[in-house]
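Take a look at the letters that make up each chain.
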Amino acid sequence: MLLKEAVARLVDDASFYQVLFTCDTNGCANISDSNSKYIYNQFKLILSAKSENTEEVLRDLIIELARPSLSLNVRQQFFALLSSIVANKELPSTTICIALLKNSAILECENMFVQTVNFVMNFCSREGYKACRDIFQQFLALLKNFSNAQPDSLTTKAALQLLNKLLDKETCWLPSYLSFDLLFIQFSFLVDKSAAANPAWPFYNIINDFMHSFSPIASMMSVRRRNDLTPIMDSNLFFNDSGWRLDQGLKFAVTGKLPYPQEYNPRRSDIISSLIIQPFAFDAISYVLSANTPKKCANLGLEETFVDVIISLMEEEESDQSSARKWNAVASNLVYLSQNGPGIVRHAVVFELLRQKLSNQKRMKRGRERLMWLALQVFPHILSSPLQLSDVTILMSLYNLLYAPNENALLPPENLPLDADVELACACLMIHMRHKINKSLTEEESKGRNIEYPLPKALSLQVDYLTRSFCDLKTSKPMNEPRLVAILCNAYSTSQDDASVPFITLLESVRGQSAPIINLTGNCTVHGALNPLDMTIINSLSACSRQTLMKHIFRTMKKHAKPDPLQNIHYFAPAFVETLARLMTTPELQMVAIKDILLSLKSIYDQKTYGFFIVLLEIIVYRFNCISANYRCQLLGHFYTIERSYHSNTNPQLFTAMENAWIHILLFLNHYDYFTVITRVENVQHLAAIVSYEIEELNKIYILQLAKSMIILGSEVFKNSLSDLVQIIQNQTPHSFPSHTLQYFPRPLCALYDGIKQQEPLEGNHLRQIVEEECKWWRQAVSEQDIVQHFTHGQNKSNVVICVIYKMHFSQCHLSQVTAKLLEKIGPRHMGAHIRVFADFLMYEVISWGQQFSKCLESVEALIYTYGVIPLERLLLALLFRPNSGDLARGCYYLIQLLLMKSDHLNSRIKEFTSLTDPAEAISNYRARYPEHQHYEGVYEATGIPPTIPLQVLPSYMSCGPLRLLPILDLILSNFLEQQTSARLIDNLVERFGPLYRFHRQPLHFLFRLFTYYDNCPQLDPHKRHTFVGAIFRFCSVNKPTGWFLSEEMSNAVSSKESFLNWKPSVYYYKRLLHRLSETIRNPASFKPFCLLDFRIEEYTSAPTHCLYATCIELLLGAARSTLPSLLFEAAFEGDNPMGRVNAAALIVVTLPCETFVAAFFEHIKQLINSIGQRNESVEKVLAACMSDSTNGEINQCLIATHAVLQHATSPHFNVLSKFLLKLEPIVNTEAQLVMYCFIVLPFLPRISNQRSRIATELYAMIGRVTTEKRNLYLENTFADLLYFFKYMFVGDEIKSQIESTVKGFPPNLQRKIKFLISTKPTE
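The structure presented is a predicted model; accordingly, all values stated were derived computationally and were not measured.

Reading the values: the criteria
Residues numbered from 1 in each chain as written. Predicted model: local features only at pLDDT ≥ 70, side-chain atom pairs only at ≥ 80, totals over all residues. Heavy atoms only, no water. Helix = DSSP H or I, 4+ residues; strand = E, 2+ residues; numbered from the N terminus. Buried < 20%, exposed > 50% of the residue type's maximum accessible area, 1.4 Å probe, protein only. Contact = heavy atoms within 4.5 Å. Phe/Tyr/Trp six-rings, centres within 6.5 Å; stacked < 30°, edge-to-face > 60°. Lys NZ or Arg CZ within 6 Å of the ring centre and 35° of its normal. 1 Å grid on protein atoms, 1.4 Å probe; cavity = no way out; pocket = protein on both sides within 12 Å on 5 of 7 lines; lining within 4 Å. Points joined across faces, edges and corners; volume = space filled by probe spheres on them. Axes fitted to C-alpha atoms, helices over the stretch in contact; angles between N-to-C directions. Parallel < 35°, antiparallel > 145°, perpendicular 65-115°, else oblique. Left-handed = near helix turned anticlockwise from the far one by under 90°. Nonpolar A, V, L, I, M, F, W, Y, C, P; charged D, E, K, R; others polar. Salt bridge = Lys/Arg side-chain N within 4 Å of Asp/Glu carboxyl O. Polar contact = N/O pair within 3.5 Å; in protein donor to acceptor, adjacent residues only side chain to side chain. Core = buried A, V, L, I, M, F, W, Y, C linked by side-chain atoms within 4.5 Å. Expected span 1.5 Å × (residues − 1). pLDDT = per-residue confidence, 0-100.

S.K.: Please clarify how the overall build of the protein should be interpreted in this entry.
M.R.: Check the secondary structure of the protein and you find 69 helices and 2 strands. Within the span of the protein, comprising 1324 residues, buried residues form 60% of the whole. For the protein, the proportion of contacts with a sequence separation of at least 24, taken over those separated by at least 6, is 78%.

Structure (structure tokens):
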């Protein structure tokens, strides 16, 4: 404050200016007056003062001194004084320049402004760029006062002179991108070409030209034709570095401040629209909008997109083009996102926006019914909570808009057609609202409010019809129309008094307590219905009704699963369980259901309600198709905990069910799931919680599936956690793989197993000797207790119990009762070690079977089918995963062949099971014909002696032997390819078990994994590919619509092996494949065969994803790997409107194994860049092509295709890109090649943060190579601007030391322009 006061006193002194400007610059020697000396010395004292705000005060002082009223002589003396102050280093020139420019009063005097500009120009060039930046920033603020300036005035000319100097890229007072950044902040409207831009403004052209000189860089940072690309609900969408993240305005994030055209980054509501009309899209929508982050808030852009989609569907409804599936998908996504999920949609906002938009349109009588049906899906969730009058107001205002006041009463539908729930939806809503208003509002809430909502005339008959029907149902009148009961559930689901009536009616129809006895498993029977609620009835239920019914069934089963006081266990009717499964698989409930199951699974097990536990396991395995990787990990964690518990080793049926679920989950995890499971765990302990504690085969499946995922995604993405995972698994269950399996492992995984000592089974003679000795001891044992004690004693680690049982049966042709007691004592969990030793024993025995071959095989089959000692699938797994090579491995595969191909027991069972096409009927019929042994019942039945403790056989509803065999067959067929088994054997296996694959949960997933993992396997030749695809296509098509998998051309080709081998695809074939995929992406309902698939139970959750993988499998049948990407894009650009096909081709390339197909695509790009150098293409031509959005021309097509692939790419593909760039950098020798390189790579730098420094260093090296012998660049200014942009946006000073020597080799002009990249001072 003292400094400010001193300045104020001096300035107010009348003699101050006279004294100050008559002084000599060296002091006050010429001043004789003591007062004048005092004034001057005070001024110097102020200049030398040191305090926190000194500069600010002095800046204000200079502003006060620089008065326009000063005479010309005084002004000259004033600027001379300022120069003296700078020379004496009493004040930095930057402070003085900023102070002068901050004084807008200097504009009042032209001469004063001109002298100010001259002073600034004199000192600005001597300062560092940071000082120039601050001066330029103040100068731009001053320019805003020139709005009415005359172009010919001295002031304008001086300002133009200074602006030209500051923006001159040759003079280079400061980095060009810093200048652009400052201009962008002040004059961004010039880039946007908004109405604020005034071409008549004197500075318009120079600023506009400078800003648009960065257009080539903006173009380099832009993804070509991104607005024509669309993602699908594939796993690539869920990677953290996905290129499809949108902000709150539904726009992509842009990189830095650059003159991007307005049309480059429009609102991409079309992406959200394409997801909204697909079921199970809520996770995808959340990821695209980044709503899975902890900070969650409503997204107005998403809400508006919902409104647009709904209105579009209403218009389609009027023209008979709408699809009920689209409405169902919109409803499920809206319900989940507003009620059950992240809460990024506000239902009230959606329906209010609908009311506003529909108010300007004509009434749509058919569309309004669907809209009210949609409201019925959403509002009961809200109306079931304390009533908000705003919700009632929104609904009534929407009703008043859609229904005319004088409209005649609508009649109830006759005979209740399939869409009766839609016709009566508005009436159901009205019943909900009237009920809530009458029952929930108190007098205090209603006082002073007009909340009277009389029954609308148009709905009077329909409401009366529903009311009468409900009264009939309530008075126990018989009702034979379940659809009407479902509609009554919709109308009364929020009524606490009345809701139970229709729901109990539905429940009783599937519980069927008075129905006949049904045999479920073994001796487990139940009274109940076989027929569950039909899917059309479930579809008629509203979302609220479905959730209410599901929770009611879930609670009922959880309650009755516990034993009553008499220890009786109540089992459930198959229809009851299947109804629960069908409800759980509806899109809006599947996520809710899996959360409920995960929360309850461990407690259900701990409560020993094993029957209900098995029901939930079977629903997870055989019904759910949309479980995220996180939930699957939690399931594996539960299994890990339960596996180590005591009870899991006392109930063979429970253990079998859990092991079956474990195998299914491991096999059906896709490559992204494995990436998520392994790379996103917090620490090593979490990895340990998702592997088996002691079941070696399960952990081997884990490793095998991981290897297949690494083939698709590449090895780099797993490298950080791979060794930890393998070490954990080795600690739990030490194991090894044979050489014929390791040869197909990815290199990093194979290297880890190369260091593991190969496991060797017991030598054949030694093992036989141990078995013979134990058999001899058994025969000589005194009592059964001695036998049990001997083989289960802790010191007996030979694990030969099953071998001994086999030999005893072989010699006696029967088993004693002690066998069952012994097996129960060992327990199913510990049985794995005995089965593995038995597999080794059989491997040696099969060589010596000779003439007793049939009897030996019969003994093995007896243990499996007659006595139930060994489950077939466990023995097959043990044989399959024995770490043998050579003859021993061939012996194991021969045994597998015998068990599968020579067994009449298995053959008859498979034929019986596959004779029916409906899974429920096939399972029921199979169980009736072939009861399964769950607790060694076969041993008790054979001996005729009942067990001392009654066996508790648990119900099984969706599983049976053939279905449990399916995933094992997948592994067997895969391993037979590794072993190079005879082609005829594989053909026979596929033909024998092919019919079973119509019940496979993921047949296309199996083919995709098989073809990608064994792509280089000699055994998987065109003959084998035809065998696999032909079988899946032929047998699975029984329950599928025509065209569900293969295209018409391929369907005809696979009809016979000869036609398939002779068939040669053309460009038009590829074009038709791409067209099918692109049209399915554009409109999932456009391809009829896919419309007929029910994606609630299919392996893929949407038509575009199903079509994508079907197309990939078809392309893997024969096309050359190195040329497939180029063939696809050649076909994509053939003809008009190619971008839909380009999008489809890019999706295919990134879905196929990236280290094969993406690498092949990049090789094609490398060849093109090489040819540009060989042809010595001009820079102008390449630049023009790269900046054009045309789809014609080799360069244009290459760039568009590359950007399409990289836009869909994720971290695994960028790892391949990184390796490709290392190969590409040495061949860039011309400026045209360098331009092409920049346009290919730079748009994706924001998504490859770990490679930015390396790419920047390579860019400097390429510029150095292009400018060899001091050749100037044609785009010298552009590349200088680009290097500055790189520094400020990506790398900073991180690579400064690495590029210094490279920059010294640049031409002098370029070195001058980028001098601030090496130094901050212009003198260096």
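S.K.: Can you help me understand the packing of aromatic side chains in this one?
M.R.: Given two aromatic rings, one states the distance between the centres and the angle between the planes to describe the pair. Applying the stated rule across the entire model yields 56 aromatic pairs. Measuring from ring centre to ring centre gives 6.0 Å for phenylalanine 1285 and phenylalanine 1290, while their planes differ by 85 degrees; the resulting arrangement is edge-to-face. Take phenylalanine 1285 and phenylalanine 1290: they sit in the same class, and that class is buried. By way of ring pairs, the aromatic residues Tyr177, Phe180, Phe184, Phe210, Phe214, Phe1285, Phe1286, Tyr1288 and Phe1290 are connected into one cluster. Looking at lysine 1040, its charged tip hangs above the ring of tryptophan 1044, at a distance of 5.5 Å from the centre.

S.K.: What is the right way to look at the environment of leucine 488 in this model?
M.R.: With respect to the helices, strands and loops of the structure, leucine 488 is situated in helix H24 (residues 482-492). By relative accessible area, leucine 488 is classed as buried at 0%. Distance in space between the C-alpha atoms of leucine 488 and threonine 467 is 8.8 Å, their sequence separation being 21 residues.

S.K.: Please explain empty space enclosed by the protein as it appears in this structure.
M.R.: In this approach the atoms are scanned with a rolling probe the size of a water molecule, which exposes any empty space left behind. According to the stated counting rule, one finds 14 cavities of 30 Å³ or more in the structure shown. Its boundaries defined by the atoms lining it, the largest cavity holds a volume of some 150 Å³. Taken together, 13 residues make up the lining of the largest cavity; nearest its centre are Ile620, Val621, Phe624, Arg632 and Phe668. Of all elements in the fold, only helix H30 (610-622), helix H31 (629-643) and helix H32 (652-668) reach the threshold of two or more residues within the lining of the largest cavity.

S.K.: Where do I start with the packing of helix H39 (residues 764-780) against helix H40 (residues 784-792) in this structure?
M.R.: Taken N-terminus to C-terminus, the directions of H39 and H40 make an angle of 155 degrees; their axes are 9 Å apart at the nearest point. In terms of axis orientation, H39 runs roughly antiparallel to H40. Note on packing geometry: the crossing formed by H39 with H40 is right-handed. Here H39 contributes Glu774, Trp777 and Trp778 to the contact with H40, which in turn contributes Asp786, Ile787, His790 and Phe791. When grouped by side-chain class, the residues that make up the contact of H39 with H40 number 4 nonpolar, 1 polar and 2 charged.

S.K.: Would you explain unusual backbone geometry in this entry?
M.R.: If a residue is not glycine, its phi is most likely negative; likewise, a peptide bond is most likely trans. The residue arginine 225 is not glycine, and still its phi comes out positive at about 55 degrees. Judged by relative accessible area, arginine 225 falls into the partly exposed class, the value being 23%. The backbone of leucine 250 sits at a positive phi, close to 60 degrees, despite the residue not being glycine. Its location among the elements puts leucine 250 in the loop between helix H12 (215-220) and helix H13 (269-276). Judged by its relative accessible area of 0%, leucine 250 falls in the buried class.

S.K.: What exactly am I supposed to notice about the layout of surface pockets here?
M.R.: Taken as a whole, the largest pocket holds about 1,600 Å³ of empty space. Lining the largest pocket are 48 residues, with Glu578, Arg623, Asp918, Pro919 and Ala920 sitting closest to its centre. Broken down by element, the residue count for the lining of the largest pocket peaks at 7 residues, all from helix H48 (residues 919-929). When the residues that make up the lining of the largest pocket are grouped by side-chain class, the tally is 24 nonpolar, 10 polar and 14 charged.

S.K.: Help me out: how do you make sense of the pattern of salt bridges in this one?
M.R.: When charged atoms on two side chains of opposite charge get close, those side chains can pair. Throughout the structure, instances matching the rule amount to 52 salt bridges. We note a salt bridge from glutamate 578 to arginine 582, for which the minimum N-O separation is 3.2 Å. Note that glutamate 578 and arginine 582 are positioned in helix H28 (residues 574-584) at a spacing of 4 residues, about one turn of the helix. Classification of glutamate 578 by relative accessible area gives buried; the value is 15%. Close ionic contact of lysine 700 with glutamate 696 constitutes a salt bridge, the shortest N to O distance being 3.3 Å. Taken together, the residues span about one helical turn, with lysine 700 and glutamate 696 both in helix H35 (residues 696-713) at a distance of 4 residues. For the pair lysine 700 and glutamate 696, a shared accessibility class is recorded, and that class is buried. Residues joined by salt bridges that share partners form a network here, namely Glu696, Glu697, Lys700, Arg836, Asp840 and Arg882.

S.K.: Which parts of the structure should I look at to understand the side chain of asparagine 299?
M.R.: Along the chain, asparagine 299 turns up in the loop between helix H14 (282-288) and helix H15 (300-318). Residue asparagine 299 is classed as buried on the basis of its relative accessible area, which comes to 2%. There is a polar contact of 3.0 Å between the side chain of asparagine 299 and the backbone nitrogen of glycine 301. Excluding anything up to four places from it in sequence, asparagine 299 contacts Asp247, Gln248, Leu250, Leu289 and Ile344.

S.K.: Even after reading the chapter, I still don't get the packing of helix H36 (residues 719-732) against helix H38 (residues 747-754), so can you show me in this structure?
M.R.: Two measures define how a pair of helices packs: the angle their axes make with one another and the distance between the axes. Where H36 meets H38, the closest approach of the two axes is 11 Å, and the angle between their N-to-C directions is 40 degrees. Taken together, the axes of H36 and H38 lie oblique to each other. Considering how the two elements wind past one another, H36 and H38 form a crossing that is right-handed. Where H36 approaches H38, its residues Leu722, Ser723, Val726 and Gln730 are matched on the opposing element by Pro748, Leu749, Leu752 and Tyr753. Looking at the contact of H36 with H38 residue by residue, the classes come out as 6 nonpolar, 2 polar and no charged.

S.K.: Please explain the nonpolar core as it appears in this structure.
M.R.: Soluble globular proteins: nonpolar side chains tend toward being buried together. In terms of nonpolar packing, the biggest core is built from 478 residues, with Phe351, Phe745 and Phe1045 touching the most fellow members. When sequence neighbours within four positions are dropped, the list of residues in contact with phenylalanine 745 reads Ile703, Leu704, Ala707, Phe737, Cys750, Tyr753 and Tyr1013.

S.K.: Just to check I follow, could you spell out helix H56 (residues 1067-1082) for this structure?
M.R.: Given 3.6 residues to a turn, an α-helix orients residues that are three or four positions apart in the same direction. With 16 residues, H56 extends 22 Å between its outermost C-alpha atoms, agreeing within 8% with the 22 Å of an ideal straight helix rising 1.5 Å per residue. Contacts from the buried residues of H56 go to helix H54 (1048-1053), helix H57 (1088-1091), helix H58 (1103-1115), helix H59 (1124-1132) and helix H60 (1139-1151).

S.K.: Can you walk me through the confidence of the model for the protein in this structure?
M.R.: Regions with low pLDDT carry predicted coordinates that are not meant to be interpreted in detail. Counting all residues, the mean pLDDT for the protein is 83, and 87% of those residues have values of 70 or more. In this model residues 24-32 is a low-confidence stretch, pLDDT under 50, and it forms 15 contacts with partners more than four residues away in sequence or in other chains. Across residues 1320-1324 the pLDDT falls below 50, and counting only partners more than four positions away or on other chains, this stretch makes 10 contacts in the model.

S.K.: Even after reading the chapter, I still don't get helix H47 (residues 904-914), so can you show me in this structure?
M.R.: Turning to H47, its buried residues number three or more, namely Leu906, Asn907, Arg909, Ile910, Glu912, Phe913 and Thr914. Residues of H47 that are buried sit in contact with helix H44 (853-866), helix H45 (872-880), helix H46 (886-901), H48, helix H50 (961-978) and helix H51 (983-993). Regarding H47, its N-cap is serine 903, as a side-chain oxygen of that residue lies 3.4 Å from the backbone nitrogen of histidine 905 further along.

S.K.: Just checking my understanding: could you explain the environment of histidine 809 for this structure?
M.R.: Among the structural elements, histidine 809 can be located in helix H41 (residues 801-812). A relative accessible area of 9% means that histidine 809 is categorised as buried. The spatial distance from the C-alpha of histidine 809 to the C-alpha of serine 859 is 6.4 Å, given a sequence separation of 50 residues. If we ignore the near neighbours within four places in the chain, the residues touching histidine 809 are His814, Leu815, Ser859, Ala862 and Tyr867.

S.K.: Please clarify how the side chain of histidine 664 should be interpreted in this entry.
M.R.: The topology assignment puts histidine 664 in helix H32. Those residues in contact with histidine 664 that lie beyond four places of it in its chain are Val621, Tyr622, Leu963 and Pro967.

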